[in-house]
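# Observations on the three-dimensional arrangement
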Amino acid sequence: FGDYRKDDPASFNLRPELSFYPQFMFNLRRSQFVQVFGNSPDETACFRLVLNRVSVPDAMVMIQPQLTAFSFSAPPEPVLLDVQSIVPDRILLLDAYFYIVIFHGQTVAAWRKAGYHLQDEYKSFAALLAAPQQEAKDIIARRFPVPRLVDCDYQGSQARFLLVKLNPSSTHASTAPTSAEVINTDDVSLATFTEHLKRLAVVS
């Protein structure tokens, strides 16, 4: 599955066909299939039953949600499932299969609350707001069970639905945060998780 020298984690390299395996394991251990806190036994049983019955592409979305960014500077594009993807002038669409989150960055949320999208000279901003809404409707229309739609803003109470799925590469305990946004959590980041796996794999 990989090449390494004994007791040398830095020498560990996965084969190309397994390069995404660690991040899927990282997201699986943080998913509702393993972490049952906050869910009833019936909900957990339902989630696991659906996972066993859907196609592989849908199962992959359940384990590792898809994050899409909408902005003025570029067409909709997939971005990393990481806290670094939160940018003030960007809208994020998270598809976690059982629920969909539309997250407005700090600047976008402020502009919307100021009503700029209702003015004729800001039609491009209105189009930006409408794009993720239409994408979410399209996903909901073709999916069963019907996912829950969460529409939230930066630092809003519902933003937790997005934050819980993001890789906490920058937290309140980080000595050198890699982004302006941080997540208040004690969970390890993907980098820390991967380094730990490397140490376990090369131990003699």
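Scroll up for the structure.
A brief structural summary. Quantities reported herein were computed from a predicted structural model and do not represent experimental measurements.

### Here we look at the pairing of strand E3 (residues 66-70)
- The pairing of E3 with strand E5 (residues 91-95) spans 5 bridges and is classified as antiparallel. Each bridged residue has a counterpart across the sheet, and for Phe70 the counterpart in E5 is Ile91.
- Here 2 bridges tie E3 to strand E4 (residues 77-78), and the two strands are oriented antiparallel to one another. Each residue of the ladder has a partner; that of Thr68, found in E4, is Pro78.
- The turn joining E3 and E4, which pair antiparallel and follow one another in sequence, is formed by 6 residues.

### Here's the deal with empty space enclosed by the protein
- The full count for this structure, using the stated rule, is 1 cavity of 30 Å³ or more.
- Lining the largest cavity, in full, are Asn27, Arg30, Ser31, Ile63, Pro65, Leu81, Val164 and Lys165.
- Taken together, the residues that form the lining of the largest cavity break down as 4 nonpolar, 2 polar and 2 charged.

### Description of the packing of helix H1 (residues 21-29) against helix H7 (residues 190-202)
- Running from N to C, H1 and H7 point in directions that differ by 115°, and their axes come no closer than 10 Å. As judged from the angle between their axes, H1 and H7 are roughly perpendicular. At the point where H1 passes H7, the crossing takes the right-handed sense. Contact residues: Pro22, Gln23, Met25, Phe26 and Arg29 in H1; Leu190, Phe193, Thr194 and Leu197 in H7.

### Some details on the nonpolar core
- In terms of nonpolar packing, the biggest core is built from 18 residues, with Leu94, Val101, Phe103 and Leu162 touching the most fellow members.
- Within the residue set of this core, elements represented by two or more residues are E3, E5, strand E6 (99-104), strand E7 (148-153) and helix H6 (160-163).
- With 3 residues, the single largest contributor to this core is E6.
- Contact partners of Val101, with chain neighbours within four places excluded, come to Leu92, Leu93, Leu94, Val150, Cys152, Phe161 and Leu162.

Calculation rules
Residues numbered from 1 in each chain as written. Predicted model: local features only at pLDDT ≥ 70, side-chain atom pairs only at ≥ 80, totals over all residues. Heavy atoms only, no water. Pairing = 2+ DSSP bridges. Helix = DSSP H or I, 4+ residues; strand = E, 2+ residues; numbered from the N terminus. 1 Å grid on protein atoms, 1.4 Å probe; cavity = no way out; pocket = protein on both sides within 12 Å on 5 of 7 lines; lining within 4 Å. Points joined across faces, edges and corners; volume = space filled by probe spheres on them. Nonpolar A, V, L, I, M, F, W, Y, C, P; charged D, E, K, R; others polar. Axes fitted to C-alpha atoms, helices over the stretch in contact; angles between N-to-C directions. Parallel < 35°, antiparallel > 145°, perpendicular 65-115°, else oblique. Left-handed = near helix turned anticlockwise from the far one by under 90°. Contact = heavy atoms within 4.5 Å. Core = buried A, V, L, I, M, F, W, Y, C linked by side-chain atoms within 4.5 Å. Buried < 20%, exposed > 50% of the residue type's maximum accessible area, 1.4 Å probe, protein only.

This is a description of form; function is not addressed.
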